[in-house]
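# What the coordinates show
If you want the building blocks of each chain, they are given just below.
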Amino acid sequence: MSSPSAGKRRIDTDVIKLIESKHKVTILGGLNEFFVKFVGPRETPYEGGVWKLLTYPNPVDPLNVDAATMYLHKPEEYRNKVADYVRRYATEGALREQEQQEQSDGSDSESSMSDFSENEAQDMEL
């Protein structure tokens, strides 16, 4: 049996650290499917979000190469994109609206990236 890839080990390690943290973590289907609720740090483009990405997204060892590249080479565009996504997808109001829509649709399941079209999902990557 082969060992897990470096990327998989990194994700597993990060998820375990989140579970051990003070943040609210809800596991849905193993370590690959979970929700974490935290508050965006003040004076960052994440402020006002109900989750927290890193103020410094570690572009040397990124999980998302495109975001790291934008962060390093187009920092103002990066900040604007993150702030836009916080407003659109990560405020308490946006989450309530999504929950209400899911309830009115009769859906009991949590949303996932698979709920979005390929183009929408691609645009959501940071």
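Here's a quick rundown of the structure. (Residues numbered from 1 in each chain as written. Predicted model: local features only at pLDDT ≥ 70, side-chain atom pairs only at ≥ 80, totals over all residues. Heavy atoms only, no water.)

## Some points on the pattern of salt bridges
This structure, assessed with the given rule, holds three salt bridges. One salt bridge in this structure joins Asp-14 and Arg-10, with 3.0 Å as the shortest N-O distance. Of the two residues, Asp-14 and Arg-10 both sit in helix α1 (residues 6–20), four residues apart, roughly one turn of that helix. A residue is classified by how much of its surface remains accessible, and Asp-14, at 25% relative accessible area, is partly exposed. With relative accessibility at 25%, the residue Arg-10 sits in the partly exposed group. Between Asp-84 and Arg-88 there is a salt bridge, with its nearest N and O atoms 2.9 Å apart. With Asp-84 and Arg-88 both in helix α3 (residues 75–89), this residue pair falls four residues apart, about one helical turn. (Salt bridge = Lys/Arg side-chain N within 4 Å of Asp/Glu carboxyl O. Helix = DSSP H or I, 4+ residues; strand = E, 2+ residues; numbered from the N terminus. Buried < 20%, exposed > 50% of the residue type's maximum accessible area, 1.4 Å probe, protein only.)

## Looking at α3
Over its 15 residues, α3 runs 21 Å from end to end, which matches the ideal 21 Å to within 8%, given 1.5 Å per residue. Taken together, the buried positions of α3 are occupied by Tyr-78, Val-82, Ala-83, Tyr-85 and Val-86. Down the axis of α3, the sector holding all buried residues measures 160°, keeping them to one side. Away from the buried face of α3 by more than 90 degrees, exposed residues Glu-76 and Arg-87 are located. (Expected span 1.5 Å × (residues − 1). Arc of directions from axis to C-beta.)

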